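Topology and contacts: notes
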Amino acid sequence: MAHRNQVRILYLNRHDKLERTLFRLKQGYELQFHLGPSLQGKGIQVHTNYPLDTQKFERHQFHLLKWQNTSEGDDSDKYCAIILRMSGSFQFHFTEGNNQKESSGYIIVDPILYVGHDNQVLTLDSICAQTFLSKCLGPLDEWEDRLNVSKHSGYNMIHFTPTQTLGLSRSCYSLADQLELNPEFSRADKTFNWNDVARLVEKLKNEWNVLCITDVVYNHTASNSPWLTKHPECSYNILNSPHLKPAWLLDRALWHLTLDVAKGNYQGRGLPAHVENEHHLNIIRQIIWEDIFSKLRLWEFFQVNVDKVVADFRNVLINGEKKKCDTRQNLKVIQDPEFKRFGCVVNMSLLLKMFVPHGNSPHEIDECCGWVHRKMEELNMERYHEVHSHQEQAVNCVLGTITYERLAGHGPKLGPVTAKDPLVTRYFTYDFEEVPFEEEEPMMYQPEKAVYFMAHNGWVMGDDPLRNFAEPGSNVYLRRELICWGDSVKLRYGKKPEDCPYLWAHMQKYTEITAKVFHGVRLDNCHSTPIRVAEYMLDSARRLRPNLYVVAELFTGSEDMDNVFVTKLGISSLIREAMSAGDSHEEGRLVYRYGGMPVGSFAQLSVRPLLPKIAHALFMDVTHDNESLVQRRSAHDALPCATIVSMACCASGSTMGFDHLVPHQISVVEEERLYPKYNPNALPDSPGELNEKCGIIAGKRAINLLHQELGAESFNQVYVDQVDEDIVAVTRHSPNIHRSVVAVSRTAFKDPTNSHYKTDLPTMCIPGKIEEIVLEAMTVQRETAPYKKDKDFINGLPQYTVDIREHLQLKQSRIVTAKETSKERNDYVYEISFENFPPGSVIIFRVSLDPEAQYAVGILRYHLIQFNPFYEAGSITDLKAPSALTHAFIADAANLSLTDLNMLLYRCDFEEQEDGGGCYNISNFGPLKYAGLQGFLSVLADIRPKNDLGHPLCENLRDGDWMMDFISNRLIARGGALEVVGKWFDAMFSYLKMLPRYLIPCYFDALLIGAYSVIVQATLDRMSSFVQNGSTFVKQLGMASIQMCGIGRFPALPQLSPSLKGVPYRLNYITNEKEQCCPSLAAGLPHFAAGLFRCWGRDTFISLKGLLLVTGRAPEARNIILSFASTLRHGLIPNLLGHGIYARYNCRDAVWWWLQCIQDFCTSVENGVDILKCAVSRLYPTDNSPALAPGTVEQPLYEVMQEALQRHVEGVEYRERNAGPHMDTRMRDEGFNVSFGVDLETGFVFGGHRYNCGTWMDNMGESDMAQNRGVPATPRDGSAVEIIGLCKSTVRWLANLSKTSSFPYTGVKGQLKGKEVFITYEEWDKKIQDNFEKSFFVSGDPNDPNEKYPNFVHKKNIYKDTYGATSPWCDYQLRPNFPITMVVAPELFTPEKAWKALKVVEDHLLGPLGLKTLDPDDQVYCGFYDNSIDNGNFNIAKGYNYHQGPEWLWPLGYFLRAKLHFSKMIEEKLYEDTKYLVKHVLSHHYDHLSKSPWKGLPELTNENGAHCPFSCETQAWSIAVVLDVLYEL
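Residues numbered from 1 in each chain as written. Predicted model: local features only at pLDDT ≥ 70, side-chain atom pairs only at ≥ 80, totals over all residues. Heavy atoms only, no water.

1. A closer look at helix α17 (residues 851-864)
Selection rule: The helix count covers DSSP runs of H or I at least four residues long, the strand count covers runs of E at least two residues long, and both are numbered beginning at the N terminus. For a helix, the expected span equals 1.5 Å multiplied by the number of residues minus one. The cut-offs for exposure are 20% and 50% of the maximum accessible area for each residue type, with area from a 1.4 Å probe on protein chains only; residues under the lower value are buried, those over the upper are exposed, and the others partly exposed. Note on definitions: a residue-residue contact is assigned when non-hydrogen atoms from the two residues lie within 4.5 Å. Nitrogen and oxygen atoms within 3.5 Å of one another constitute a polar contact, given that in protein one can donate a hydrogen and the other can accept it, and given that sequence-neighbouring residues count only through two side-chain atoms.
Helix length check: α17, at 14 residues, gives a terminal C-alpha distance of 20 Å against a target of 20 Å (1.5 Å per residue), a fit within 8%. The buried fraction of α17 is high, at ten of 14 residues. Of all the residues in α17, the buried ones are A853, Q854, A856, V857, G858, I859, L860, R861, H863 and L864. Its buried side turned inward, α17 meets β36 (841-848), α24 (976-992) and α25 (1000-1021). Between a side-chain oxygen at the N-terminus of α17 and the backbone nitrogen of E852 the separation is 2.9 Å; the capping residue is D850.

As structure tokens, then:
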């Protein structure tokens, strides 16, 4: 029953913004692109750069995906797909026709990592990474000894900082040569190369099961990189980036200030070399403003030369030719691209337009030039103020840097100003001889020197990471906002390799060397790396190592911005850090945030929508470029912090030094000491050696191994419990075997040796059976010499170690005691008391279910295998299965009738109440939509994808068994096949009830989903081949048809003839007598579902074809036709059936819909014409007879049909029985009078009057306040257009039928001009044909001889809604009724006129789901139906506008069928285009049907598809007409 492969469905919709949405997938998954509602029926093409077949990945090479499951019907199953077999980032976009791409997005496919000789898979969630500063590993042949610490600490991944040649600063990230191995790794007698590194990496992978990754640094290179001297174009220098000239000049001035301060030149002004206080800062501020800015005059680089502009203006004014320009633009300074002083210009043409002299005399020209001069001064002043604001920011940033570096307690306290420790870091390189500042500015204009004034790299706090701060338009360098790395030069790639060929080629080689050696890369400074560069380089890397693991640490400030980098670069994991948490609560929240599902989560379907995710995390206790935990918290917190991090369901990591408690940050710049080697016999204070007793290494090894186990065995459910302010409990749970690991950590953010921690700890509860204590450990102190920073080795605090004990029984614990309790049944709980649990301690429990619960879940999973093989894991064969479970559920489902399925799946509250029950009611939620399974599944469908375990339904399941008992007992009480199914549920629930309460929601869902999938298939198997072989949309509509067709406690239909065969019977459970039980059609749920108001003649027969004939339920259709036939009276069938006894004969159209359905039955069912001879047991043989018992008077159906037609021709007038307010409080007395007949001149059926509404638009006013009570909103008296069409269809059919003797009557008798005449059906048909279009078509031509009231025409090229109405204006109203006639009697229409009329409907009435019931231009139009409003507004009070604007669904079906019919008649291309339109329109219905908890289509919507709370949520004719359209397609 289940799809074994994992399939994710991405629904595409117009205007989706997916570029920043993260879609993560695994290799082997199938990704399907489906069209959302906004795109169905459109010529959509999906393109992707994911390589097809064996092609190589090329980022800019897109392929067109081929659509699958295309059909002539709807687009609900149309999709294109890719099978994901390659990791990385892949883009997709879609287009419509030949247009540009509409929308695009990315998918990320995770790499598959392998370790060991046998290439075992290392899942991403099993990663335990440790960072090493490569320069601290010593010669390469010593690396293994030092890395052995990592191996013995349980890590399976080592992250090396760059292994290339370092720059002069010795920073790990300032590389002098990206292509060469750092020569420091070699010895005097032995030179190592990349092959040696590769051999070591491969050995670690094969023998240690450890993978290796390293950094790639694309943003900058060391200032002393030899290749940069040869290729200065690779940098941002003031030759290729002249916008940096002002910033360079300021930088040089600040450098000279540094030199002057260092020399004591400002002592006289109170500024010593040692800056120590706020007063010194104020002096610096004063010097910068008064001495530097005033001398630099930086504003001149941004200003115009006023005299030159005025002179040029004067020259052009006198001699030049004026050019045209756009005078709408403002006059502004145009920046000089070379940034020369006063080099800026203005638009001279615009200037000439703006400043025009009064004449040509010298005086007038001088006057005009004076205006220009003042304007230029004004513009220059604006630029001056702009630069002034830049200078203000520059001063603030300079002083902020000085404050941090020299004054702040948390800063480095650099001491006196020197050339080595300047006031501020230099922003640009300067490798020339120092000269006085005045001589430096000319150097800017000497290309051979300017090219070597290169901008350093750094980062800008709060900047847009997608903006390159070194490019033109940015003033970061001028404003001194860059936190600068003075040892590196920012690299200038341009936008493509051709912009800087050497740099791109050089970095590509660097990338390829790295990818050949290492299993993954960390993107250093990723947020400042140009994305197009990183894309290019990573593409090169993945060509060599397809399963490249890519990690990065982003500082973008938002998850949304993070996704830009993650999606475009295919980042496998984002580095996250526990040190960002300020307390234990926040640390626990990070665990929950970065991975895993809640414990007890629902099993997700293997085929499901693709949902956005957050980036996979590499969650580290501390990263290598941040302060030590000992500095930030306390040494005691290392063990609990590491444990909490390791319990996260994601990759975990640490930095070498954390585990052996190095009490300071290991600087990537300044640290030159070596890491210790591993020696199991090392003493605590051995400076160059470590073993498991040092720091928390022993504890780290245990929790790392546990982390790997939990990741490998899919313990992917997480629960975080904040026991108290310091204690965090993290549970990892396996949903397959239902075992858990619970790690309890007591954090020590403050040093417990000098801080207060409470001793009275709360107890905590652990549900299940504690199998063992995996470990208990606490941080303890030992006798050693005090810590002293070693000069040669990176040593930690020697006095701390971990007292760890592993694999204990509960009674052996020194930390806790436990008391076993039980809430109820098998819900066992341990109450844990902490006896000796000081800060810095952890205890980890392994927990399973109670044995009985474990057995029950195994049995339950065994029985669920029939629905999904996923449940094989952890299953136990049921050797003692109850009889209800000894066979597959499909066998029970196969015995259900479609009427049973109505009961099993659906039935709303009113239907259930009729039987003495009701729908299940959930506290804090309300009653479900259905009592059957669909009621539960509709809610679960919303809960499941979000794992909303806090939903009231889940709470209800955890609190008690009432929901399960409701489902099984309700079915058992029904008896028969439903009882068998009920007992199956009861037996399954008996196992479910044995589980811990927290597991019941997920298994309840699994059970219902499994059973439902079988039931749905069993339902479809009983339907027509059209439904069975149809699209998902067709099948969903087929299922929706089941909602409407059922039988309750009391049969709704009058009894059929006792002589009729094929009539279902049952025993009445009260009288124990045999009674007919024919299913009837409900008009709509929930309002028209039960009792007298369930069955309506009009609704039944508008719906019958779609719901019963199209779905293959001919027997039910026959019985309903014959049942209504028995009620014929006055030549009509009733509108409100009322069991036949309480019927109301107040509609003129239901009989014609009934006749149309008889025709449809005869033409679509095999031997369908046999129905005409079926016996009809007449309830009312005459108009005035009482209701007769079945079989008293019987006639063949054809006689009843003939009577209906004959009575119409004769004409009928009567008053409804029992007329008066006791029957209908809304009616005026005149409204109960009914009349109708046939105009034998035209053949048109007519009837009604202004106080009677006899068609489907039958709303009667009921507001006394608005004085519309008893006034029909839409009387539609005269000849209603759809009745004419139905009549035409009937007489045409009977005319043909009578020729074959299948119908014994050839016509009817009537009175014409006072004489009795016999009119054949053929003649009647011709009369309508001859008169219809000239009577109904509104040409808009004032000279049209057929137009009686040309002044009433307000929409031309339409067909009238009625003909001969009491109010002629109503004839001309644009309404959605004439398309009905176009479908049932298309021969009445000239195709070209019909097409024009349909276009008017499309333009004015078409809504998302339905057709407006009135032209929006009509003065009484109101598109919002609210039956609760009772005010003085005649047109809307008490829902008076029910049919005066709201958008009804069922007329839309006829509109679409009419479009299909006439487009096909006119032109093939038009027909193809119309099919697209139909598919597009119906896509909204598919979307609504899929999302609706009722799983149906509504009666109506308010304007533009807005939900109408007064509408039936699922309506028979709405579903039926859409099925009709799809059948026709």
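After that view of the structure, there is still more to cover.
2. Concerning the packing of helix α19 (residues 898-905) against α25
As a reminder of what qualifies: Helix axes are fitted only over the stretch in contact, all axes being lines through C-alpha atoms; the angle between N-to-C directions runs from 0 to 180 degrees. Should an angle lie under 35 degrees it is considered roughly parallel, over 145 roughly antiparallel, and from 65 to 115 roughly perpendicular; all remaining angles are considered oblique. Each crossing is labelled by how the near helix is turned from the far one, with a counterclockwise turn of less than a right angle marking it left-handed and a clockwise turn marking it right-handed. Basically, the charged four are Asp, Glu, Lys and Arg, the nonpolar ten are Ala, Val, Leu, Ile, Met, Phe, Trp, Tyr, Cys and Pro, and anything else, Gly included, counts as polar.
At a minimum axis distance of 11 Å, the contact between α19 and α25 shows a crossing angle of 150°. Judged on the interaxial angle alone, α25 and α19 are roughly antiparallel. The chirality of how α19 crosses α25 is left-handed. Contacts from L898, L901, L904 and L905 in α19 reach Y1012, I1015 and T1019 in α25. For the contact of α19 with α25, the per-class residue count stands at six nonpolar, one polar and no charged.

3. Digging into the nonpolar core
We count it as follows: Residue types Ala, Val, Leu, Ile, Met, Phe, Trp, Tyr and Cys, when buried and joined through side-chain atoms within 4.5 Å, form a set referred to as a nonpolar core.
Membership of the largest hydrophobic core comes to 219 residues, with the highest contact counts inside it found for F985, F1004, L1008, W1154, L1197 and W1324. Broken down by element, the residue count for this core peaks at 14 residues, all from α25. For W1324, the contacting residues outside a window of four places in its chain are W1152, L1205, V1209, V1238, G1243, C1287, V1291, V1308 and I1319. Counting 76 residues, the second largest nonpolar core, distinct from the first, contains I158, L523, F565 and I666.

4. Some details on the pairing of strand β12 (residues 157-160)
Basically, it comes down to this: For two strands to be treated as a pair, DSSP must find no fewer than two bridges joining them. If the strands point away from the viewer and the path from the first strand over the helix to the second runs clockwise, then the crossover is right-handed.
Residues M157 and H159 point to one face of β12 and I158 and F160 to the other, with burial holding for every one of them. Pairing geometry for strand β11 (residues 128-132) and β12, over four bridges, is parallel. In the sheet register, T131 faces β12, and the bridge partner there is H159. As a crossover connection, the stretch from β11 through helix α1 (residues 140-152) into β12 is right-handed.

5. A word on the sheet that holds strand β57 (residues 1500-1501)
The three strands are arranged β55-β56-β57 in an open sheet whose pairing can be described as antiparallel. Only two strands of the sheet have a single neighbouring strand rather than two, namely β55 (1411-1412) and β57. Pairing analysis gives two bridges linking strand β56 (residues 1447-1448) to β57, with the strands arranged antiparallel. Note that in β57 the partner of E1447 across the bridge is T1501.

6. Remarks on a nonpolar patch on the surface
Spelled out, the test is: To count toward a patch, a residue needs a relative accessible area over 30% and no salt bridge; like charges are then connected within 9 Å, while nonpolar side chains (Val, Leu, Ile, Met, Phe, Trp, Tyr) are connected within 5 Å. Throughout, the Shrake-Rupley method with a 1.4 Å probe supplies accessible areas, and for residues the shown protein chains are the sole cover considered. Whenever a carboxyl oxygen of Asp or Glu lies within 4 Å of a side-chain nitrogen of Lys or Arg, that contact is scored as a salt bridge.
A cluster of nonpolar side chains, namely L1092, F1093, I1141 and Y1142, defines an oily patch on the protein surface of about 420 Å² accessible area. Take I1141: it is sitting in the loop between α29 (1114-1125) and α30 (1150-1164).

7. Topic: the environment of I571
In this fold, I571 is placed in the loop between α12 (559-569) and β21 (573-577). For the pair I571 and L538, spaced 33 residues apart in sequence, the C-alpha separation works out to 9.9 Å. Beyond its immediate chain neighbours, meaning those up to four positions away, I571 contacts I108, L523, C526, V550, V551, A552, F565 and V566.

8. A few points about the pattern of salt bridges
Close approach of charged atoms allows side chains with opposite charge to pair. Using the criterion set out here, one finds 94 salt bridges in the structure. Ionic pairing is found between R187 and D141, a salt bridge with its closest N-O pair at 2.9 Å. Placement of R187 in the loop between β14 (175-181) and α2 (194-207) and of D141 in helix α1 is noted, with a sequence separation of 46 residues between them. One salt bridge in this structure joins D1149 and R1098, with 2.8 Å as the shortest N-O distance. Residue D1149 is found in the loop between α29 and α30, and its partner R1098 is found in helix α28 (residues 1097-1109); the two are separated by 51 residues along the sequence. Comparing D1149 with R1098, the two get one shared label, buried. Salt bridges linked by common partners bring D141, E142, R146, R187 and K677 together as one network.

9. Focus on the packing of aromatic side chains
Using the following cut-off: Here the aromatic set is Phe, Tyr and Trp, taking the six-membered ring for Trp, and pairing holds for ring centres within 6.5 Å; pairs whose planes are under 30 degrees apart are stacked, those over 60 apart are edge-to-face, and all others are tilted. Charge over a ring is defined by NZ of Lys or CZ of Arg lying within 6 Å of the ring centre and within 35 degrees of the ring normal.
For the structure on display, the rule yields 72 aromatic pairs. Taking 5.2 Å as the distance between ring centres and 75° as the angle between the ring planes, the aromatic pair formed by Y906 and Y930 counts as edge-to-face. Taken as a pair, Y906 in the loop between α19 and α20 (909-914) and Y930 in the loop between β38 (926-927) and α21 (933-946) lie far apart in primary sequence, 24 residues in all. Its relative accessible area of 1% is what places Y906 among the buried residues. Given a relative accessible area of 0%, Y930 falls into the buried group. Geometrically, the ring pair formed by F1033 and Y1486 is tilted, given 5.3 Å between the ring centres and 55° between the ring planes. One end of the pair, F1033, is in helix α27 (residues 1032-1044); the other, Y1486, is in helix α38 (residues 1468-1491), and 453 residues separate them in sequence. Y1486 matches F1033 in its accessibility class, with the two residues each being buried. Over the face of the ring belonging to F469 we find K490, whose NZ or CZ atom lies 4.4 Å from the ring centre.

10. Things to note about the sheet that holds β21
The sheet built from eight strands closes into a barrel, its strands ordered β11-β12-β15-β19-β20-β21-β24-β25 with parallel pairing. Shown here is a sheet whose adjacent strand axes are inclined to one another by a mean of 30°, direction ignored. One ladder, built from three bridges, connects strand β24 (residues 617-620) with strand β25 (residues 651-655); its direction is parallel. Bridge pairing in β25 places M620 opposite G653.

11. Let's talk about the state of the cysteines
Stated precisely, the cut-off is as follows: Here, the term disulfide refers to a pair of cysteine sulfur atoms separated by no more than 2.5 Å.
The final tally for this structure, using the stated rule, is zero disulfides. With no disulfide of its own, C172 lies 6.3 Å from the sulfur of C136, the closest cysteine sulfur. When its relative accessible area of 1% is taken as the criterion, C172 is described as buried. Here C919 stays unpaired: no disulfide links it, and the sulfur of C908, its closest cysteine neighbor, is 6.5 Å away.

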